[in-house]
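# Summary of structural features
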Amino acid sequence: MSRSAHPAGPRHADVLPEGRSAASAAPAEDLNALDPKVWAHTVGRDADGVVTVGGIAVTQLAEEYGTPAYILDEADFRDRARAWRTAFGTDADVFYAGKAFLSRAVVRWLHEEGLNLDVCSGGELATALSAGMPAERIAFHGNNKSPEEIERAVRAGVGRIVLDSFQEIVRVAHTAQSLGKRQRVQIRITVGVEAHTHEFIATAHEDQKFGIPLAGGQAAEAVRRALQLDGLEVIGIHSHIGSQIFDMSGFEVAAHRVVGLLKDIRDEHGVELPEIDLGGGLGIAYTSDDDPREPHEIAKALTEIVTRECEAARLATPRISVEPGRAIVGPTAFTLYEVGTVKPLDGLRTYVSVDGGMSDNIRTALYDAEYSVALASRTSDAEPMLVRVVGKHCESGDIVVKDAFLPGDLAPGDLIAVPATGAYCRSMASNYNHALRPPVVSVRDGAARVVVRRETEEDLLRLDVG
Ligand SMILES: Cc1ncc(COP(=O)(O)O)c(C=O)c1O
Ligand SMILES: N[C@@H](CCCC[NH3+])C(=O)O
């Protein structure tokens, strides 16, 4: 789903990326080169041509931890988290969206780097709390939080619950009141923006499940009701327009409409809500065709938009918060696979089967996402061949990288690496065909450690109680 494919191109058609129209259209770029746009910061090649990360060769990582494995560059994760934190400064809050990838190590890094955390389930909340994230720095999301989840969040003292429906306004107010608390809440609205991204991950158009529509006065009515309930302290309005977005114009429209609602609230209730959350959704480079913006540019653009809109509405500028997930963790990891079979299909392409697949990366099958790939265990000067990297599942749509070039001498036993798999790969991994979900191995300064271990057959059998 790089920019080259959406939204202008067909969404699910079996087409080559722009410029790759036939098997003979070999790439101009050096296949051994590792584009820093798509690879984690410390990735390079050693003198033998082996890909290294955090100073460790992938051959060593494969030997110690097996394949497939997600390899996460801790220094890069911390750098990106800090860059977001610094870009927004102390007058704003950055909530890392845990749905992109969450583990206790990640929670600790975020805590140390001064970020807050957005969770959207009891499981994510439990992970955050068990790793020591202070509850007041947690935002709790979800379009259908269970009564148990609401109670846990309120009891824990989360900093905010983002309300997503009229029923939830009442549920959270009731729970807070019965626990003798007043819960800080934001109300998530849908502003009616068509974000330029894949339809499955756009979230601010009206015909979908998230948020309360601004249209028809529903959002204003939600605020009206919430302001009357003793169990709630309404601190702001929330808008998240979608994911993997490059074009800032959607945020501009969203900010304009959210500020318009803040003005209406001030006019009707005499209350200026102090916060506005513009969600996450900033895109990353999956291929060299993508050009993401830097956090400081995003911070500057968003702050300017909100300030301008508030000045026009004669409102004090509210405290801004954002919820980047993919933009922090996405580029910091790659998936390391071992090649099992190489199957040339005359005049079409070569199918390269790896030891993972849609169970460790569902994004290609689900969103027609585009990825890059590189031979990682060595370099090669062989002629490029057009490949499709596929998994080992019983599904013809089990594709990891739809169209890419790899050296023509690729052989079973080679290691290949798919960059930019830090977000929404491990967190959306499955046990399809009873696959064992791969480990997440973090590397830093020449040391590697498992932060999420590989599943075992015993894990699967333990769930199956017979
Ligand atoms: C409410 C909310 N906030 C933040 C995010 C994080 O999005 P992204 O990982 O694209 O930054 C999402 C997911 O799209 C979301 O639904
Ligand atoms: N899981 C999606 C994005 C949805 C984000 C959560 N609202 C992806 O992989 O791109």
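So, how was this worked out
Chains are numbered independently. Their residues run from 1 in the order of the written sequence. For this description, chains carry letters from A and ligands carry numbers from 1, given in the order in which they are written. Under the rules for a predicted model, residues below a pLDDT of 70 receive no local features and side-chain atom pairs below 80 are neither given nor counted, while totals for whole chains, interfaces and linings still include all residues. Heavy atoms throughout the structure, all of them, feed into the side-chain values; hydrogens and water do not. Three labels apply to residues, based on accessible area from a 1.4 Å probe with only protein chains included: buried if under 20% of the type maximum, exposed if over 50%, partly exposed otherwise in between. A run of H or I in DSSP counts as a helix once it spans at least four residues, and a run of E counts as a strand once it spans at least two, with each numbered from the N terminus. By construction, the arc corresponds to the directions joining the helix axis to the C-beta atoms. Residues are treated as being in contact if the distance between any of their heavy atoms lies within 4.5 Å. For this analysis, a nonpolar core means a set of buried residues of the types Ala, Val, Leu, Ile, Met, Phe, Trp, Tyr and Cys, connected via side-chain atoms within 4.5 Å. In these notes, residues near a molecule or strand are those with any non-hydrogen atom within 4 Å of it. Here a polar contact is recorded for every N or O atom pair within 3.5 Å, except that within protein the pair must consist of a potential hydrogen donor and a potential acceptor, and residues adjacent in sequence are included only if both atoms are side-chain atoms. Note on areas: these come from Shrake-Rupley sampling with a 1.4 Å probe, and a residue is covered only by the protein chains present in the view. Gly counts as polar in this scheme, as do all residues outside two lists: the nonpolar Ala, Val, Leu, Ile, Met, Phe, Trp, Tyr, Cys and Pro, and the charged Asp, Glu, Lys and Arg. Helix span, expected: 1.5 Å multiplied by one less than the number of residues in the helix. A pair of strands is treated as paired once DSSP finds two or more bridges between them. A right-handed crossover is one whose linking path, passing over the helix from the first strand to the second, runs clockwise when the strands point away from the viewer. Lining residues are those with an atom within 4 Å of a point, where the points come from a 1 Å grid over the protein atoms alone and group into cavities, where a 1.4 Å probe fits but cannot get out, or pockets, open sets with protein on both sides within 12 Å along at least five of seven lines. Grid points are joined across faces, edges and corners, and a volume is the space filled by probe spheres set on the points. Angles run from 0 to 180 degrees between N-to-C directions of axes, and those axes are lines fitted to C-alpha atoms, restricted for helices to the stretch in contact. We call a crossing left-handed when the near helix sits turned anticlockwise from the far one by less than a right angle, and right-handed when that turn is clockwise. UniProt positions are given in the numbering used here, feature names are shortened, and annotations may be inferred rather than shown by experiment.

## Here we look at helix α5 (residues 147-156)
Burial in α5 covers these residues: E149, I150, A153 and V154. Taken end-on, α5 shows its buried residues confined to a sector of 125 degrees, consistent with a single buried face. Turned more than 90 degrees from where α5 packs its buried face, P147, E148 and R155 sit exposed. Structurally, α5 contributes buried residues whose contacts are with α4 (122-130), β7 (138-140), β8 (160-163), α6 (166-178) and β9 (183-190). Within two residues after α5, G157 carries a phi angle of roughly 90 degrees, on the positive side.

## Let's talk about the nonpolar core
In this structure, Y96, I187, I237 and I416 are the most contacted members of the largest nonpolar core, which totals 109 residues. Among the nonpolar cores identified, the runner-up in size contains 25 residues, and V50, A57, L61 and L415 belong to it.

## Details of the site of ligand 2
Close to ligand 2 lie eight residues; R326, R363, Y367, Y424 and M428 are nearest. Within the side chain of R326, an N or O atom sits 2.7 Å from an oxygen atom of ligand 2. Out of a free accessible area of 310 Å², ligand 2 has 83% covered by protein chains. When its residues are assigned to classes, the shell around ligand 2 shows four nonpolar, one polar and three charged.

## A short note on helix α2 (residues 74-88)
The end-to-end C-alpha distance of α2, which contains 15 residues, comes to 21 Å, matching closely the 21 Å that a straight helix rising 1.5 Å per residue would cover. For α2, every residue scored as buried is listed here: E74, D76, F77, R78, R80, A81, W84, R85 and F88. Residue D73 occupies the N-cap position of α2, its side-chain oxygen lying 3.2 Å from the main-chain nitrogen of A75. Just past α2, the residue G89 takes up positive phi, approximately 70 degrees.

## Some points on the site of ligand 1
As a structural note, the neighbourhood of ligand 1 is formed by 15 residues, with H240, S243, E323, R326 and Y424 the closest of them. D118 is positioned with one of its side-chain polar atoms (N or O) 3.5 Å from a nitrogen atom of ligand 1. In this structure, an oxygen atom belonging to ligand 1 sits 2.8 Å away from a side-chain N or O atom of H240. For ligand 1, the protein covers 93% of the area, taking 390 Å² as the surface of the free molecule. When the residues that make up the shell around ligand 1 are grouped by side-chain class, the tally is three nonpolar, seven polar and five charged.

## Observations concerning the pairing of strand β13 (residues 319-322)
As judged from the three bridges shared by strand β5 (residues 92-97) and β13, these two strands associate in the parallel manner. Within β13, the residue paired with A92 across the bridge is I320. Pairing of strand β12 (residues 275-277) with β13 involves three bridges; the strand directions are parallel. When the sheet's bridge partners are listed, D277 is paired in β13 with S321. The parallel pair β12 and β13 is bridged by helix α9 (residues 295-313), and the resulting crossover is right-handed.

## Description of the sheet that holds strand β2 (residues 51-53)
The strand order β1-β2-β3 describes an open sheet built from three strands, whose pairing is antiparallel. Every interior strand has two partners, whereas the edge strands, β1 (44-45) and β3 (56-57), have only one. In this structure, β2 lies alongside β3, joined through two bridges in antiparallel fashion. Among the inter-strand pairings, V53 is bridged to a residue of β3, identified as I56.

## A closer look at the environment of S321
Locating S321 in the fold gives a position in strand β13. Take S321: its relative accessible area is 1%, and that puts it in the buried class. The spacing of S321 and P384 is 63 residues in sequence and 45 Å in space, taken between C-alpha atoms. Beyond its immediate stretch of four places on either side in the chain, S321 contacts D93, F95, R160, Q186, I276, D277, L278 and G279. Within the structure, S321 has its side chain in polar contact with the side chain of R160 (distance 3.2 Å).

## Here we look at empty space enclosed by the protein
In total, this model carries one cavity of 30 Å³ or more according to the counting rule given. Computed from the structure, the largest cavity encloses a volume of approximately 50 Å³. Looking at the largest cavity, the residues that line it are Y70, L72, F101, A333, T421, G422, R426 and V440. When grouped by side-chain class, the residues that make up the lining of the largest cavity number five nonpolar, two polar and one charged.

## Focus: the side chain of T335
Relative to the helices and strands, T335 resides in strand β14 (residues 333-345). On the basis of relative accessible area, T335 is assigned to the buried category, the value being 0%. A distance of 2.8 Å separates polar atoms of two side chains, one belonging to T335 and the other to T421. Not counting the four nearest positions on each side in its chain, T335 is found in contact with A69, Y70, D360, I416, A417, V418 and T421.

## With respect to the packing of helix α8 (residues 249-269) against α9
Close contact between α8 and α9 brings their axes to 9 Å; oriented N to C, the two are set at 35 degrees. Crossing angle aside, the handedness with which α8 passes α9 is right-handed. Residues F251, E252, A255, H256, V259, K263 and R266 of α8 form the contact with α9, whose own contacting residues are L302, I305, V306, R308, E309, C310 and A313. Partitioning the contact of α8 with α9 into residue classes produces eight nonpolar, one polar and five charged.

## What to know about the UniProt feature "binding site: pyridoxal 5'-phosphate" (unreviewed entry) in the protein chain
Mapped onto this structure's residue numbering, the UniProt feature "binding site: pyridoxal 5'-phosphate" (unreviewed entry) falls at G281, E323, P324, G325, R326 and Y424. Mapped onto the secondary structure, G281 falls in the loop between β12 and α9. Those residues within four positions of G281 in sequence are excluded, and the remaining contacts are H240, G242, S243, Q244 and I245. Take E323: it is sitting in the loop between β13 and α10 (326-329).

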